[in-house]
Amino acid sequence: MRINKSKKLLKEGKCILGTWAGLGFTDPTLIEIAGYAGFDFILIDMEHSSLDLQTIESMVRAGDAADITTIVRVPENNPKTILRILETGAQGIIIPHTRNREDVEKAINAIKYRPYGDRGIFSGSRAAQYSAVDFKRHMKESNEEILFMVMIEDDFAVEELKEILSVQGLDGIFIGPADLSRSLNALGEQNNPKVVKTIESIFDTVRKSETDMKIGIPGYHSAFYHSTKELVDLGARMITASPADASLLMRAYKNQLNDMRKGIENFLGEDHLK
């Protein structure tokens, strides 16, 4: 398994920047574009999309080509689903709506090979380079390189955060401001005091824990609207940009079209436009 550059950078205390795929466009080309644009990682979303495993594998392959870390947010904490995603060669797993320590341990059991977990064995997978490498080497590298994070996006998970952070093998947490605001009855509000206080308490709990846990969070999120600098000051080391969805393309097209129309109007007049 290739070196997970995003995990390496996090271990070095550096910040990594990424974006999302699957929330708008689902073509693997988007993964390559994000990689060539310079993002460190891309979160491939299966929770809120219709992505299937064949497309996921194509996206992971595109990520390998463009040297960008591919991290998949699974739809649920299901060992069989996690296994099939890892066999595509994905370099990271994020579990949504994690509730407690038991949820984290269940996921680790599916992600890690023995002695740290009980991941199933198949030497012919893409992750194992179709048996081109020694399988024991593949097991060791997978246990070392796969980035494992859980999402904290419910009020009850915040209450269990200390126990969640104590689990060996967890690399970090990713805060979900939207669902967190929902659970706090503040959906649709920007920087609701209750949401802000809760998210700041998450950062504080991680900071006070005796761990090297990393924190991820979306940048400029409507529910927790903070700049990248502000998030880094709080303690974030993994920040995502908004996903490239149809609305972004629409705005880009409209801006280009308006510029073209103005050029024609200025030169030939309005009569030359429909």
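The shown structure was predicted, so the numbers you read here are calculated from the model rather than taken from an experiment.

### Section: the overall build of the protein chain
Of regular secondary structure, the protein chain possesses twelve helices and eight strands. Computed over C-alpha atoms, the radius of gyration of the protein chain comes to 21 Å, within 12% of the 19 Å expected from 2.2 N^0.38 for 274 residues, which places it in the range of a compact globule. Each of the three principal axes of the protein chain carries a C-alpha extent, and together these read 75 × 50 × 30 Å. Counting across all 274 residues of the protein chain, residues that qualify as buried make up 48%. Partitioning the contacts of the protein chain with sequence separation of at least 6, the portion at a separation of at least 24 is 66%. Across the protein chain, the centroid of the 34 positively charged side chains sits 3 Å from that of the 40 negatively charged ones.

### Describing the packing of helix α2 (residues 29–37) against helix α3 (residues 53–66)
Each packed pair of helices is defined by two parameters, the angle between the axes and the distance between the axes. Where α2 meets α3, the closest approach of the two axes is 8 Å, and the angle between their N-to-C directions is 25°. The angle between the axes of α2 and α3 places the two elements in the roughly parallel class. α3 is crossed by α2, and the crossing has right-handed handedness. Between α2 and α3, the contacting residues are Ile31, Glu32, Gly35 and Tyr36 on the first element and Met59, Ala62, Gly63, Ala65 and Ala66 on the second.

### Digging into the pattern of salt bridges
The final tally for this structure, using the stated rule, is 22 salt bridges. The closest approach of N and O atoms between glutamate 141 and arginine 137, which form a salt bridge, is 2.9 Å. Of this pair, glutamate 141 and arginine 137 both sit in helix α6 (residues 135–145), four residues apart, which is roughly one turn of that helix. With a relative accessible area of 46%, arginine 137 lands in the partly exposed category. For arginine 207, the salt bridge is made with aspartate 204, and the minimal N-O distance between the two is 3.3 Å. On the criterion of helical spacing, the pair formed by arginine 207 and aspartate 204 is a turn pair, its members being three residues apart in helix α10 (residues 193–208). Given a relative accessible area of 52%, arginine 207 falls into the exposed group. By relative accessible area, which is 26% here, aspartate 204 ends up partly exposed.

Reading guide: rules and limits
- Residues numbered from 1 in each chain as written.
- Predicted model: local features only at pLDDT ≥ 70, side-chain atom pairs only at ≥ 80, totals over all residues.
- Heavy atoms only, no water.
- Helix = DSSP H or I, 4+ residues; strand = E, 2+ residues; numbered from the N terminus.
- Rg over C-alpha atoms; globule rule 2.2 N^0.38 Å.
- Buried < 20%, exposed > 50% of the residue type's maximum accessible area, 1.4 Å probe, protein only.
- Contact = heavy atoms within 4.5 Å.
- Lys, Arg positive; Asp, Glu negative; His and termini not counted.
- Charge placed at Lys NZ, Arg CZ, Asp CG, Glu CD.
- Axes fitted to C-alpha atoms, helices over the stretch in contact; angles between N-to-C directions.
- Parallel < 35°, antiparallel > 145°, perpendicular 65-115°, else oblique.
- Left-handed = near helix turned anticlockwise from the far one by under 90°.
- Salt bridge = Lys/Arg side-chain N within 4 Å of Asp/Glu carboxyl O.

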